[in-house]
Amino acid sequence: MSTIHWTEANTPRSARWHSENATPPPRRVVGADDRTRADVAHRLACEGTALLWRGDFHNARRLLQAMGRRIDRKPPRRGDSPAESFHLYRRARGHRARVLGRLLVLLDENHRLDLRRAPDVRQACTEAYGPPSEPRAVSLTELLGVIGAHQWRTKGVEVPALDARVHPHYGVFSPVRGEYVDLVAQAPLPAPADRRTGRRTAFDLGTGTGVLAAVLARRGIDHVVATDISPRALACARDNVRRLRLAGRVDVVGPGLFPDGRADLVVCNPPWIPARPTSALEQGVYDPDGSMLRDFLDGLTAHLAPGGEGWLILSDLAERLGLRTRGELTAGIEAAGLRVVDRIDTGPRHPRAGDAADPLHAARAAEVTSLWRLAGG
């Protein structure tokens, strides 16, 4: 178990260190409060010293914002190629996260935040960390993420294709980008393999919140099996299936990618950037070496019923950033013994596509998300 150590009122103290991103505990921790100046906090954090906040909660948030402004004075430089710009951008974002992550707060043994004007974070922390047991130190940025995730989980995210809300859990990618959901809601469904009964089955691989499984069930698929490798995603999907009253038509199983058996339709929306994620949430976007994409393609034919289809929903942002070529994608499809039946494309609607200040704006603005209808060769 990792711990942090600091001195308070001339008394040595320690607490369990917790980081969802597996960040190592800081070696040096000093106290900070309402008297701490942003310049000093920024300098210490850049040098690797963590600051344990003991003042007003809202002042801690203001200090975090002030530190962020100091980091942002030096924006990431643009590279000589889209791929270099992407790597420089990721490096800058990583540096920003590390520096801001050195402002810490202490949760007591009941997940309570003992700071002036602090919100009640007990339920949010229980949802993210499990039942309370002992005091733990966490970064303020992580705690703000936990609070935000609790609010999303409580309010839900409106999904027009379902005419309902989906409730993301902490660490599970939220369906705020509707392009891929709408593609699944509109693509023509394959004919059932069993024409006597007319029943159709589908697999939703990497289900996350369960949104695509729910869309397929609402479209008339008789039985959907949803999978994920993340225990948090599995719990989230089961919660949403229950909320949407689809428990009789959607089974959530795992952890794993493919379930047993074959289906008329196998749907997969893998992470679209072949790079290493730095958090559990980023696993919905970044996939080292495109391993999930490759595993989906390689295992698809063995899990398709006769006449079945695999739907690959994938953004071409990686291609526009020079991280993968279209030729590599089509070669992977062919090598897996698959053929392309059709491809349905849609443009970006998310806010970042219109942010000209984003270093990756040109690629984001031109991004195309496609639903590839694949069948056995």
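Above this text sits the structure in question.
None of the values given here were measured: they were computed from a predicted structure. (Residues numbered from 1 in each chain as written. Predicted model: local features only at pLDDT ≥ 70, side-chain atom pairs only at ≥ 80, totals over all residues. Heavy atoms only, no water.)

Chemist: Describe the overall build of the chain, and please don't skip the residues or the numbers.
Modeler: Assigned secondary structure in the chain consists of twelve helices and 15 strands. Whereas a compact globule of 377 residues would reach a radius of gyration of roughly 21 Å, the chain reaches 23 Å, a difference of no more than 12%. Judged by the C-alpha coordinates and their principal axes, the chain covers about 80 × 50 × 35 Å. In the chain, buried positions account for 49% of the 377 residues. Considering only contacts within the chain whose residues lie at least 6 apart along the sequence, 67% involve residues at least 24 apart. Of the side-chain charges in the chain, 55 are positive and 44 negative, and the distance between the mean point of each set is 4 Å. (Helix = DSSP H or I, 4+ residues; strand = E, 2+ residues; numbered from the N terminus. Rg over C-alpha atoms; globule rule 2.2 N^0.38 Å. Buried < 20%, exposed > 50% of the residue type's maximum accessible area, 1.4 Å probe, protein only. Contact = heavy atoms within 4.5 Å. Lys, Arg positive; Asp, Glu negative; His and termini not counted. Charge placed at Lys NZ, Arg CZ, Asp CG, Glu CD.)

Chemist: How would you explain the pattern of salt bridges if you had to name every residue and give the values?
Modeler: Counting across every chain of the model gives 25 salt bridges. With a shortest N-O distance of 3.1 Å, Glu8 and Arg54 are connected by a salt bridge. Remark: Arg54 occurs in the loop between strand 4 (50-53) and helix 2 (57-72) and Glu8 occurs in strand 1 (residues 3-8); sequence separation between them is 46 residues. Here Arg242 and Asp239 are joined by a salt bridge, their closest N and O atoms 2.5 Å apart. Taken together, the positions of Arg242 and Asp239, both in helix 8 (residues 231-243) and three residues apart, correspond to about one turn of that helix. Take Asp239: its relative accessible area is 12%, and that puts it in the buried class. (Salt bridge = Lys/Arg side-chain N within 4 Å of Asp/Glu carboxyl O.)

Chemist: Which residues make up the side chain of Thr49, and what values go with them?
Modeler: Inspection of the secondary structure assignment puts Thr49 in the loop between helix 1 (38-46) and strand 4. Judged by relative accessible area, which is 6%, Thr49 ranks as buried. Within the structure, the side chain of Thr49 is placed 3.1 Å from the side chain of Arg28, a separation counted as a polar contact. When residues no more than four places from it in sequence are discounted, the contact partners of Thr49 are Arg28, Val30, Leu44 and Arg102. (Polar contact = N/O pair within 3.5 Å; in protein donor to acceptor, adjacent residues only side chain to side chain.)

Chemist: Hey, could you go over the sheet that holds strand 5 (residues 103-107) for me, with residue numbers and the actual values?
Modeler: Strand order in the open sheet formed by six strands is 1-2-6-5-4-3, and the pairing between neighbours is mixed. Only two strands of the sheet have a single neighbouring strand rather than two, namely strand 1 and strand 3 (29-32). When strand polarity is set aside, the average angle formed by the axes of neighbouring strands in this sheet is 40°. As defined by bridge partners, strand 3 adjoins strand 4 across four bridges and the pair is classed as parallel. Note that in strand 4 the partner of Ala32 across the bridge is Trp53. On top of the sheet, helix 2 reaches strand 4 and strand 5; it is set at about 155° to strand 4, its chief contact. (Pairing = 2+ DSSP bridges. Axes fitted to C-alpha atoms, helices over the stretch in contact; angles between N-to-C directions.)

Chemist: Lay out the packing of aromatic side chains with the relevant residues and their values.
Modeler: Enumeration over the complete set of coordinates arrives at two aromatic pairs. Ring centres of Phe86 and Tyr286 lie 6.4 Å apart, and the angle between their planes is 35°; this geometry places the pair in the tilted category. Note that Phe86 is positioned in helix 3 (residues 82-100) and Tyr286 in the loop between strand 12 (263-268) and helix 9 (291-300), a separation of 200 residues in sequence. Here Phe86 matches Tyr286 in class, with each residue buried. A centroid spacing of 6.2 Å and a plane angle of 75° characterise the contact between Phe173 and Trp272, whose relative ring orientation is edge-to-face. (Phe/Tyr/Trp six-rings, centres within 6.5 Å; stacked < 30°, edge-to-face > 60°.)

Chemist: Can you break down the pairing of strand 11 (residues 250-253) residue by residue, with the values?
Modeler: Taking every second residue as pointing to the same face, the buried face of strand 11 carries Val250 and Val252, while none of Asp251 and Val253 on the other face is buried. By the bridge criterion, four bridges tie strand 10 (residues 223-227) to strand 11 in an arrangement that is parallel. Within strand 11, the position partnered with Thr227 by the bridge is Val253. Handedness of the strand 10-helix 8-strand 11 crossover: right-handed. (Right-handed = clockwise from strand over helix to strand, strands pointing away.)

Chemist: Outline the sheet that holds strand 9 (residues 201-205), listing residues and values.
Modeler: Hydrogen bonds along the backbone pair up the strands of a sheet, which may run parallel or antiparallel. Judged by pairing direction, the sheet is mixed, and its seven strands sit side by side in the order 11-10-9-12-13-15-14 without closing on themselves. Edge strands, defined here as strands with exactly one partner in the open sheet, are strand 11 and strand 14 (338-346). Across this sheet, the average inter-strand angle for adjacent strands is 20°, counted without regard to direction. Here helix 6 (residues 179-186) sits on the sheet in contact with strand 12, strand 13 (304-315), strand 14 and strand 15 (369-376), set at roughly 40° to strand 15. Helix 7 (residues 211-218) rests against strand 9, strand 10, strand 11, strand 12 and strand 13 of the sheet, and its axis sits at about 175° to strand 10.

Chemist: Explain the nonpolar core to me, using residue names and the numbers behind them.
Modeler: Buried together is how nonpolar side chains tend to be arranged in soluble globular proteins. Counting residues in each nonpolar core, the largest one holds 35 residues, and the members touching the most others are Ile273, Phe296, Leu297, Leu312 and Leu374. Broken down by secondary-structure element, the contributors of at least two residues to this core are helix 3, strand 9, strand 12, helix 9, strand 13, helix 10 (317-320), helix 11 (326-335) and strand 15. If one sorts the elements of this core by residue count, helix 9 sits on top with five residues. Setting aside anything within four residues of it in sequence, one finds Ile273 in contact with Phe86, Val285, Tyr286, Asp287, Leu317, Ala318, Leu321 and Leu323. (Core = buried A, V, L, I, M, F, W, Y, C linked by side-chain atoms within 4.5 Å.)

Chemist: Give me the lowdown on the environment of Asp108, citing residues and values where you can.
Modeler: Relative to the helices and strands, Asp108 is located in the loop between strand 5 and helix 4 (122-129). The spacing of Asp108 and Ala363 is 255 residues in sequence and 45 Å in space, taken between C-alpha atoms. Beyond its immediate stretch of four places on either side in the chain, Asp108 contacts Glu134 and Pro135. A polar contact of 2.7 Å, which involves the side chain of Asp108, links it to the backbone nitrogen of Asn110. Within the structure, Asp108 has its side chain in polar contact with the backbone nitrogen of Arg112 (distance 2.8 Å).

As far as function goes, none of this settles anything; it's purely spatial.
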